[in-house]
Amino acid sequence: MAVELCLLLLLFCGSTISEVQPIYKPPPGTLDFGFVPTKMYDTGAYHEPGPIGILFKIVHAFLYLVQPNSFPQDLIRKLAQQKFGNTQGDYQKVIYYEIGFIVSAALGVLFILLMPLVGLCFSMCRCCDNCGGEMHQRQKKNADCQRSCFATFLFVASLIISVGVLCAYAANQHLTNQVRGAKKLVNSNFKDLKIFLNDTPVQIDYLVSQYNTTKDKALSDLNNVGPLLGIRVQEQLGKEVRPALDAALTMAGAIRETKEALENVSVSVEVLQEGTERLHANLSDVKMHLNNTLSDAACSAAQAASTCDIIRNSLNQLNINANFSGLPGVSSQLAKINDVLKTDLSSLVQKGYAAFNDTPDLVVNQTRNILSDIKNVLESIGSNISTFTKALPVQEVLADLTVHLTQSEAYVQNYFPLVEQYDFYRWLGCLILCCMVVLILVFYYLGLLCGTCGYDKHASPTTRGCISNTGGNFLMAGVGFSFLFSWILMIVVVLTFITGGNVQKLICEPFEDKTLFKVLDTPYLLNQHWRNYLSGILFKNPNINLTFEKVYSDCKENKGIYTSLHLEHLFNINEFLNISMYTEDVALKIEHIQINLSKIILLDEMGKENLLNFSSSGIEGLNFAAYLTEINKSVTKVDLLSFANDLEARADQLPKGALENALKGHANNIRMIHNQQVVPLEQAMSTLNQSIRLLKRTSSELIVKVKNVISAVNAAQLLINNNASLVIVQETKKYMDTIVGYFEQYVEWVKESIAMEVAACKPIANVIDTAVDIFLCSYITDSVNTFWFGLGGSSIFLIPAIIFAVKLSKYYRRMDTEDVYDDTENGNNGYHKDNFYGVHSAVFTSSVEQW
């Protein structure tokens, strides 16, 4: 129950708002709640066995060959429900599932029974000089080949036995090493569990404290209701108001530009009229003086006559081209524009701008009371959260759990030396078993070494050397110890094979693929009245869909225990703290905000009348065609500079003298007239051209333009006076959604934190993985299975080793008697007659005596 109470604490913030319905789905802004304080767990529930892992995989493959059947879920369920054996088929299914283990174990039992019996019979048989016990060797032609083959086969068998015993020793040592290093892993799991308990209240406090972030942001927005709500209203209304005011302001600028243009036209026309009259007079004087000069007797000369005639004919070009004296005046239009400008339309429009820009201040002044109530609601929410947090017995429950955890850790630490001690006994026993095999191997290797090194193919079986004879004795000693130890070894192999193999198949493999959890999650399995056992234990409600597999998977992914165990079914904190009620209250108060913008006047009647006066100023009645016609003309009919340059060039064609100098003087005079009179006139014409074209553009549909401006201003004013309430309601709704959205962000953040970060239950999954996957399967089962695999292989290969050792020893040991025969034509086949060398032969002598 203490564990359950601890888990309840995680509901604090998550369930407070689990039932809040979102009012405004897309949050207007993102709040930064920071990171939930979380410490990293030290335990890595994964075991890498190292190089010996290859042996583990080989053993797994062998077990698959022995027992390839899938996990018997139905049989396990029946066994757990105590329904096993109700039908005859259950035993058949067990036999079918265990057939590989049964056959292998039967062969092992047969080995255990036959090996000592065969050894006993073999020893008695040899004592009767049978079964190779007779110290006499029959001579065969292929004796050397047989000896080599027996030695090779024995050596190969010994190597295989050596590999097996090395595997067994490696597995034995690996298990011991892991047991010795398990203390660190156990301590790491306890440390993670302490972190789990100690961090949970800190994380809960952090979640609660972050309500202040939400509250501060909401208060900040409430304090800035003018810039936020007021500007939003202003922006929506400004979509029509600002273009209308901008058009009015543009029209005020057009009035000023029109006045300037009219003044420029009036001045320019006056300048052009005076300038053209003066220019006409000066050009007439120039023509008169040129005629006088060309009337000189020098022009009568043959060389100058043609040139003078050309100059005389060109004098008609020295005349003005544009006539500005007939252009109409603009004084009446200018007078009307000056009357219009007596009213400062720009100032009136700026007043409209200023009144409209005061919208945020109007919102602030008209929402003071409501915002004060909303702030009080926010403060009450925070105080309720703090009060409820203090009412929860967090520290008491966690203190109890910490005491239990400390006691468990002390219990494990106290018994860990005992575990190491028993493991030492186990290690020593397994080492003795390995040493039994090693002792047999020592005899076999020494026998092979001495027999091979001391063998003399020229020596007869009765004359073999001491070393060779010792090798044969070693081989027979190995055979004797093989019969003594092999059945003992096989007993250990069979017991560990049945135990370790079934643990691997029934626990480790189902645990790895989560089949074991599926069996545990079978409805009514562990309790015939409960559909879901885990929810029945935790919540006393077996109908809640809470499974071992889901809890383990969630904890494996380091999700919060609140999500993993569905603790919302255990305690509903909404009964004590319902934030949705407060958010609804906040929303209602915000909806009651009423803002009156009728005091905003965009443009008064004086301004509108001013615009109408401008439209009736008469500028559209100006004769723009007459002005443009004269403006497009040049000042003179001929370019005076070109005329002067041409005149000077023709003067150069005349003989040197007074005529040439006089003509050049006239050319300089023409240039001076151009610079002093024509250039200013051209500038005045340019100014007149710009002003006339500006007036023409301004006057184009002027009445329509003014009416459009006035209509836009009236429409914007109507929007403010009559339809602003709709805009205000819409923007108030958005503003309310913004404030409520902060709470919803807090809600979602708390729910996500509760689900993924607060009280992350990875240590629970690590404890399960450590106990089952690492300790039971990786440390113990894999090591035990590898041990019996190596030891069993060595025991099995003792059988061929015994056969080859018995056969081979006959070729190494010194015989008491031997076959004697005459030398053949090609030699004596390696042996000699004993009597030829004076050696007494018992067989031969006894035969002669009988004769």
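For the structure, see preceding data.
Source: prediction; values computed, not measured.

**Brief notes about the side chain of E409**
Part 1 of the argument: Note that E409 resides in helix α14 (residues 394–454).
Part 2 of the argument: When its relative accessible area of 16% is taken as the criterion, E409 is described as buried.
Part 3 of the argument: Once residues lying within four places of it in the same chain are set aside, the contact partners of E409 are N187, F190 and K194.

**Re unusual backbone geometry**
Peptide bonds are trans in most cases, and residues, glycine excluded, mostly fall at negative phi.
Part 1 of the argument: In this structure, K514 is a non-glycine residue whose phi angle is positive, near 65°.
Part 2 of the argument: Tracing the backbone through its elements, the reader meets K514 in the loop between α15 (466–512) and α16 (515–520).
Part 3 of the argument: Accessibility expressed as a relative area gives 26% for K514, which makes it partly exposed.

**Digging into the packing of helix α18 (residues 548–556) against helix α26 (residues 762–796)**
Part 1 of the argument: Where α18 contacts α26, the axes come no closer than 7 Å and their chain directions differ by 110°. Taken together, the axes of α18 and α26 are roughly perpendicular relative to one another. Here α18 runs over α26; the crossing is left-handed. Judged by residue contacts, Y552, C555 and K556 of α18 engage K762, A765, I768 and D769 from α26.

**Considering the pattern of salt bridges**
Part 1 of the argument: Tallied over the full model, the rule gives seven salt bridges.
Part 2 of the argument: The partner of D554 in a salt bridge is K559, with the nearest N and O atoms 3.6 Å apart. We note that D554, like K559, is buried.
Part 3 of the argument: Across the pair E557 and K559 runs a salt bridge, and its minimum N-O distance is 3.5 Å.

**Notes on a nonpolar patch on the surface**
Part 1 of the argument: On the surface, I95, I99, I102, V103, L107, V109, L110, L113, L114, L117 and V118 cluster together into a nonpolar patch covering about 950 Å² of accessible area.
Part 2 of the argument: Relative to the helices and strands, L107 resides in helix α5 (residues 88–127).
Part 3 of the argument: Assessed through its relative accessible area of 54%, L107 is described here as exposed.

**Observations concerning the packing of helix α6 (residues 143–209) against helix α27 (residues 798–812)**
Part 1 of the argument: Relative orientation of the contacting elements α6 and α27 amounts to 145°, with a least axis distance of 9 Å. You can see that α6 and α27 cross each other, and the crossing is left-handed. Only L798, A801, F804, A805, K807, L808, Y811 and Y812 of α27 make contact with α6, whose side of the interface consists of A143, Q146, R147, F150, A151, F153, L154, A157 and I161.
Part 2 of the argument: Looking at side-chain class alone, the contact of α6 with α27 contains 14 nonpolar, one polar and two charged residues.

So, how was this worked out
- Residues numbered from 1 in each chain as written.
- Predicted model: local features only at pLDDT ≥ 70, side-chain atom pairs only at ≥ 80, totals over all residues.
- Heavy atoms only, no water.
- Helix = DSSP H or I, 4+ residues; strand = E, 2+ residues; numbered from the N terminus.
- Buried < 20%, exposed > 50% of the residue type's maximum accessible area, 1.4 Å probe, protein only.
- Contact = heavy atoms within 4.5 Å.
- Axes fitted to C-alpha atoms, helices over the stretch in contact; angles between N-to-C directions.
- Parallel < 35°, antiparallel > 145°, perpendicular 65-115°, else oblique.
- Left-handed = near helix turned anticlockwise from the far one by under 90°.
- Salt bridge = Lys/Arg side-chain N within 4 Å of Asp/Glu carboxyl O.
- Patch = residues over 30% accessible without salt bridge, like charges linked within 9 Å, V, L, I, M, F, W, Y side chains within 5 Å.
- Areas by Shrake-Rupley, 256 points an atom, 1.4 Å probe, with all protein chains shown as cover.
- Nonpolar A, V, L, I, M, F, W, Y, C, P; charged D, E, K, R; others polar.

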